[in-house]
Amino acid sequence: MGTIEKQRIADLRRLLREAGIDYYIVPTADYHNSEYVNDHFKMREFLSGFTGSAGTLVVSEKEAGLWTDGRYFVQAESELEGSGIVLYKMHEENVPTIREYLEKNVSEGQTVGFDGRVTDAFFGKELETAFEGKDVTLVYDRDVAEQLWQDRPAMPASGVWVVSEESCGMSVAEKLARVREKMAEENAAHLLISKLDDIMWLYNIRANDVECNPVALSYTFISNECAVLFIQSEALTETVRNHLEGNKVICAEYGTVADHLRSCEINGKVWCSGADISYMLYKLVQGRAELIDKKNPTELMKAVKNPVEMGHIRECYLRDSAVLTKFLFWMKENAGKTEMDELSVAAKLDGMRAEIPGFLDLSFPTISAYKSNAAMAHYSATEEHFSRIGADGFYLVDSGGQYEGGTTDVTRTIALGAVTDEMKLHFTKVACAMLRLADAKFLYGCTGRNLDIVAREPLWECGLDYKHGTGHGIGYILNVHEGPHSLRWQYKPEMPETKLEEGMIVSDEPGMYVQDSHGIRTENIVEVVKGDRNEYGQFMGFRHLTYVPIDLDAIDTQYMEPSDIRKLNAYHESVYAKLAPFFDGAELEMLKKATRAV
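**Q** With reference to specific residues and values, describe the pattern of salt bridges.
**A** Enumeration over the complete set of coordinates arrives at 45 salt bridges. We note a salt bridge from E126 to R99, for which the minimum N-O separation is 4.0 Å. Of this pair, E126 sits in helix α5 (residues 121-130) while R99 sits in helix α4 (residues 98-105); the two residues are 27 residues apart in sequence, bridging distant segments of the chain. Each member of the salt-bridge network shares a partner with another, and the members are K195, D197, D198, D276, K295, E299, K302, K305 and E482.

**Q** Quick one: what's the story with helix α9 (residues 238-246), residue by residue and with numbers?
**A** Restricting attention to buried positions, one finds in α9 the residues V240, H243 and L244. Relative to the axis of α9, the buried residues are bounded by an arc of 90° and lie together on one face. Turned more than 90 degrees off the buried face of α9, the exposed positions are E238, E245 and G246. Elements that come into contact with the buried residues of α9 comprise β7 (161-162), α7 (172-185), α8 (196-203), β9 (205-206), β11 (227-231) and β12 (249-253).

**Q** Now, about unusual backbone geometry: what can you tell me, with residues and values included?
**A** Residue G483 is joined to P484 through a cis peptide bond whose omega torsion reads 10°. Of note, P484 is situated in strand β23 (residues 482-487). The phi angle at K371 is positive, at roughly 55°, despite the residue not being glycine. Topologically, K371 is positioned in the loop between β16 (367-370) and β17 (394-399). Its identity is not glycine, yet D516 carries a phi of approximately 65°, on the positive side. Residue placement: D516 occurs in the loop between β25 (511-514) and β26 (518-521).

Cut-offs applied
Within each chain, residue numbers correspond to sequence positions counted from 1 in written order. The predicted origin of the model limits local features to residues at a pLDDT of at least 70 and limits the giving and counting of side-chain atom pairs to 80 or more, whereas totals for whole chains, interfaces and linings rest on all residues. Only heavy atoms go into the side-chain values, all of them from the structure, while hydrogens and water stay out. Salt bridges are identified by distance alone: a Lys or Arg side-chain nitrogen within 4 Å of an Asp or Glu carboxyl oxygen. Helix and strand definitions here come from DSSP, where helices need a minimum of 4 consecutive H or I residues and strands a minimum of 2 consecutive E residues; each element is numbered from the N-terminal end. When a residue's accessible area, from a 1.4 Å probe over protein chains only, is under 20% of the maximum for its type it is buried; when over 50% it is exposed; and in between it is partly exposed. Working definition: the arc comes from the directions between the helix axis and the C-beta atoms, pointing outward to the latter. Any pair of residues with heavy atoms lying within 4.5 Å of one another is described as a contacting pair.

As structure tokens, this is what we get:
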């Protein structure tokens, strides 16, 4: 184990010596900082042998190190064995960050290199700051390891398709007009967008170049006079070309974006998002014009769904909720009676979703976790590592679909048999947390930071917590994780706070995780709605989009306030009303039982 990777690291060191590079950084990313990385871009995996979805490799003459987070410590230790690569466990005590490691080890006169196409500008600027005033050179214009990967998979180029105006509720011309209004407000002559879901939303197109994200590899460069879309020509049909040309969008080859930016006329400030664009393109534009570095205007625009989109989303979530509920009923009826494991039941749920009208794909790989596996918040069962499921303990499933009418995401935890009193306490508090947040009333102007505590309070009261955000935005036939809004109590510079607006949708997903025992997460998606307006201002609230029962077998009302019991009963009353048309016979009786008042 590790022999091949050990040789690849040795070969890379030879290339680095030839290039005059002392430290070389290989992240896990494509050219657009996408959440999921296509095989073509998995250079870190090729060099290190580590197959986790998150990690960064740093190679020097004296050491090779791999940084990854707690989800992958066990996996990384196994996969790196024999490679000579040192595992750096991120966020653990006395473990340096990559920046701290480089600041300590890089000497005056040395060179740090990376492929600037797959490194975002935020990280690149962080390195600039780290070495400011020092005689250290950053080289970012080449993929040094490229020649080592002889059988590299081809770059994805799936067929692009058009989302009708009737489906998305707004024409490309209207969207471009709104974008140009925002550009004028910022005094920006040009706008460069690299974020794929923003581009898809703007031009009402979709594709399948990124796993579970219906997007096409692309860039766009917009001025008052024209809009240029850089996209792979082989992905375009005549219908798509006509759609774009009819909206006065010029198509150019995907790989020509850098050459275009070097040679085109730039007559004013250029707006681009340093958190989303590659360091290479950022530096290229910075060398030609004054930059406006802030979030793309398209990000907030697409986060606020219009009435047409919301109509489709509500219907989409009802159908999705009905299927997940039927799956959970099947699980509770058959656990311990039928042989099942985390992989087989996930495949069953995926197959049930695929039969929903308008189904396109999963919105992310289904998280199917039994007992202690669920204590890892983003656990992923594999053919090598999975658990069989019996008639006791908790089972957690976090799943969703891409449909012609929206993108879904939902998590439920169910008791398959006996659970401890502590597990019931944790489950009940998590359910209360989700329902309290969904029932919150707040003044317009609040951000997710103001509201996150509403969900955490039932757990904090018991000295408990969960180590992830409470909520994220969700796209419309787009990425399941979407900004700029989110629900979390801690914010970072690259994650600014955003006011919650009517028409946004956001997940409400508190959890509780006990290592080697159990994991619980209860996730609904809610829409932001307007409430009453009075002398104190405009009040806002949430409305459920997800209608899936919360497992009453794991609820213990002694841990609930009377108001929490009222919220649970009211939610279950609405679940029954919404889902009853999708059920009949024995399944309808199961729905009645699952949504009974407590």
